[in-house]
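Tertiary structure, described
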Amino acid sequence: MPQHAVITTGGKQYFVTEGQTLLVEKLPSEPKAVITFDNVLLLTDGKQVKLGLPTVAGARVTCEVVAQVQGKKIYVETYRAKTRKHR
């Protein structure tokens, strides 16, 4: 059975499984680098569940960085009514 884990990075929590491709915030590493996440909140193998208080002791999740990509460009407009002010 595949193992599942809940990890935290960048202030967010992610539910991950083995062999999964995951999109997270920018990590300070190069493509094809191996990263280890030590903040594992929950770990399960299908039969047994380990819940951390706040993290599971000794548990680690390793992953490989596939690519660094940018998100979609966000355009923000401010408008003030009745003053003819646009920015």
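Please refer to the structure placed before this passage.
Quantities reported herein were computed from a predicted structural model and do not represent experimental measurements. (Residues numbered from 1 in each chain as written. Predicted model: local features only at pLDDT ≥ 70, side-chain atom pairs only at ≥ 80, totals over all residues. Heavy atoms only, no water.)

What follows deals with the environment of V49. Counting through the fold element by element, V49 comes out in strand β5 (residues 49-51). Other than its neighbours up to four places away in sequence, V49 contacts L42, L43 and T44. (Helix = DSSP H or I, 4+ residues; strand = E, 2+ residues; numbered from the N terminus. Contact = heavy atoms within 4.5 Å.)

With that out of the way, let us pick up the layout of surface pockets. For the largest pocket, the calculated volume is near 760 Å³. As for the largest pocket, its lining consists of 30 residues, and the residues nearest its centre are Q20, L22, F37, C63 and E64. Those elements giving two or more residues to the lining of the largest pocket turn out to be β1 (4-9), β2 (12-17) and β6 (61-64). Counted by class, the lining of the largest pocket contains 16 nonpolar, nine polar and five charged residues. (1 Å grid on protein atoms, 1.4 Å probe; cavity = no way out; pocket = protein on both sides within 12 Å on 5 of 7 lines; lining within 4 Å. Points joined across faces, edges and corners; volume = space filled by probe spheres on them. Nonpolar A, V, L, I, M, F, W, Y, C, P; charged D, E, K, R; others polar.)

Moving on, we get to the pattern of salt bridges. A pair can form between side chains of opposite charge whenever their charged atoms are brought close. Inspection of the entire model under this criterion finds two salt bridges. In this structure, R60 and D38 form a salt bridge, with 3.3 Å as the shortest nitrogen-oxygen distance. Pair noted here: R60 is in the loop between β5 and β6 and D38 is in the loop between β3 (34-37) and β4 (40-44), with a separation of 22 residues, a long-range link. Classification of R60 by relative accessible area gives exposed; the value is 62%. (Salt bridge = Lys/Arg side-chain N within 4 Å of Asp/Glu carboxyl O. Buried < 20%, exposed > 50% of the residue type's maximum accessible area, 1.4 Å probe, protein only.)

Here β3 shows a buried face lined by I35 and F37 and an unburied face lined by V34 and T36. Across four bridges, β3 lies against β6 in antiparallel orientation. Bridge pairing in β6 links T36 to T62. (Pairing = 2+ DSSP bridges.)

Fair warning: the whole summary comes from geometry, so function is off the table for now.
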